[in-house]
Amino acid sequence: MAGIKVFGHAASTATRRVLLTLHEKNLDFELVHVELKDGEHKKEPFLSRNPFGKVPAFEDGDLKLFESRAITQYIAHRYEEEGTNLLPADSKNISHYAIMAIGMEVEAHHFDPVASKLAWEQVFKIFYGMTTDQAVVEEEEVKLAAVLDVYEARLKEFKYLAGETFTLTDLHHIPVIQYLLGTPTKKLFAERPRVNEWVEEITSRPASQKIL
């Protein structure tokens, strides 16, 4: 049976989310480069792997998946006994699992849309030779600050967003945070002591360093 393959781009935050999970699990895999600037993700053969034309796509033997957060959950469960446990310490405790699930939903629907816009304006636009829209940055920073205020309160109670152990909830934040730490938006993390400690901890993990 063929091994694990990730079809994506190493600079993509969604692709990095999957790569990070694989590194935390100490799993061997192949990254198959998809050139975004040439539109490879919008045509075959990539569309046969993800009909919505977004990276990454994923294969584990005969299993084919897309959507990065679905892929990370598959990896965390399928390889639960490998590497870092990315599920609640008692993964069979439905209440603990539900708390982690809430955190993943908050990341996907409240944190990431705003953080990704900020990364686009301040990192990727520059890479593509475009001009940052400072008005958009200011507007999105207000939204991100509100999310981080919620995180600050949560992190006063627990070491991580889903409790006392590092889980997928925390991991899903890392790729876009890594980009934002190289921008003026870094101040929003630094201004909040518990958030700042959390960011420093999760971005300094060995697996996090491997996707830079």
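To be clear, the structure that these remarks concern was listed above.
Residues numbered from 1 in each chain as written. Predicted model: local features only at pLDDT ≥ 70, side-chain atom pairs only at ≥ 80, totals over all residues. Heavy atoms only, no water.

1. Describing the overall build of the protein chain
Link 1 in the chain: Each helix and strand in the protein chain was counted, giving nine helices and four strands.
Link 2 in the chain: Along the chain direction, N to C, the helices and strands of the protein chain fall in the order β-α-β-β-β-α-α-α-α-α-α-α-α.
Link 3 in the chain: Projected onto the principal axes, the alpha-carbon positions of the protein chain cover approximately 50 × 45 × 25 Å.
Link 4 in the chain: Per-residue burial over the protein chain gives 49% buried out of 212 residues.
Link 5 in the chain: Accessible area of the protein chain: about 10600 Å², with a carbon and sulfur share of 55%. (Helix = DSSP H or I, 4+ residues; strand = E, 2+ residues; numbered from the N terminus. Buried < 20%, exposed > 50% of the residue type's maximum accessible area, 1.4 Å probe, protein only. Areas by Shrake-Rupley, 256 points an atom, 1.4 Å probe, with all protein chains shown as cover.)

2. What about the pattern of salt bridges?
Link 1 in the chain: Within the structure shown, the criterion is met by 15 salt bridges.
Link 2 in the chain: For E24, the salt bridge goes to R205, with nearest N and O atoms at 2.7 Å. With E24 in helix α1 (residues 13-24) and R205 in the loop between α8 (193-203) and α9 (206-210), this residue pair connects regions lying 181 residues apart in the sequence. Take E24 and R205: they sit in the same class, and that class is buried.
Link 3 in the chain: The shortest N-O distance in the salt bridge between E140 and K117 comes to 3.9 Å. Taken as a pair, E140 in helix α4 (residues 134-155) and K117 in helix α3 (residues 94-127) lie far apart in primary sequence, 23 residues in all.
Link 4 in the chain: A relative accessible area of 43% places K117 in the partly exposed class.
Link 5 in the chain: A network of salt bridges, in which partner residues are shared, links R17, R69, E107 and D112. (Salt bridge = Lys/Arg side-chain N within 4 Å of Asp/Glu carboxyl O.)

3. Looking at the sheet that holds strand β3 (residues 57-60)
Through backbone hydrogen bonds, the strands of a sheet pair up, either in parallel or in antiparallel fashion.
Link 1 in the chain: If you walk across this open sheet you meet the four strands as β2-β1-β3-β4, and the pairing is mixed. Two strands bound the open sheet, and with one partner strand each, they are β2 (30-33) and β4 (63-66). Sheet twist, expressed as the mean angle between neighbouring strand axes with direction ignored, is 20 degrees.
Link 2 in the chain: Where β3 and β4 come together, four bridges link them in antiparallel fashion. Note that in β4 the partner of D60 across the bridge is L63.
Link 3 in the chain: The strands touched by α1 are β1 (4-8), β2 and β3; relative to β1, the strand with the most contacts, the crossing angle is about 160 degrees.
Link 4 in the chain: Packed on one face of the sheet, helix α2 (residues 68-78) meets β3 and β4 and runs near 135 degrees to β4. (Pairing = 2+ DSSP bridges. Axes fitted to C-alpha atoms, helices over the stretch in contact; angles between N-to-C directions. Contact = heavy atoms within 4.5 Å.)

4. Focus: the side chain of R205
Link 1 in the chain: Residue class for R205 comes out buried when judged on its relative accessible area of 15%.
Link 2 in the chain: Among the polar contacts listed, one links the side chain of R205 to the side chain of E24, at a separation of 2.7 Å.
Link 3 in the chain: With near-sequence residues (within four places) excluded, R205 lies in contact with E24, T84 and F166. (Polar contact = N/O pair within 3.5 Å; in protein donor to acceptor, adjacent residues only side chain to side chain.)

5. Notes on a nonpolar patch on the surface
Link 1 in the chain: Together, W120, F127, Y128 and M130 line one region of the surface with nonpolar side chains, adding up to about 460 Å² of accessible area.
Link 2 in the chain: With respect to the helices and strands, the residue W120 is situated in helix α3.
Link 3 in the chain: You can call W120 partly exposed: its relative accessible area is 35%. (Patch = residues over 30% accessible without salt bridge, like charges linked within 9 Å, V, L, I, M, F, W, Y side chains within 5 Å.)

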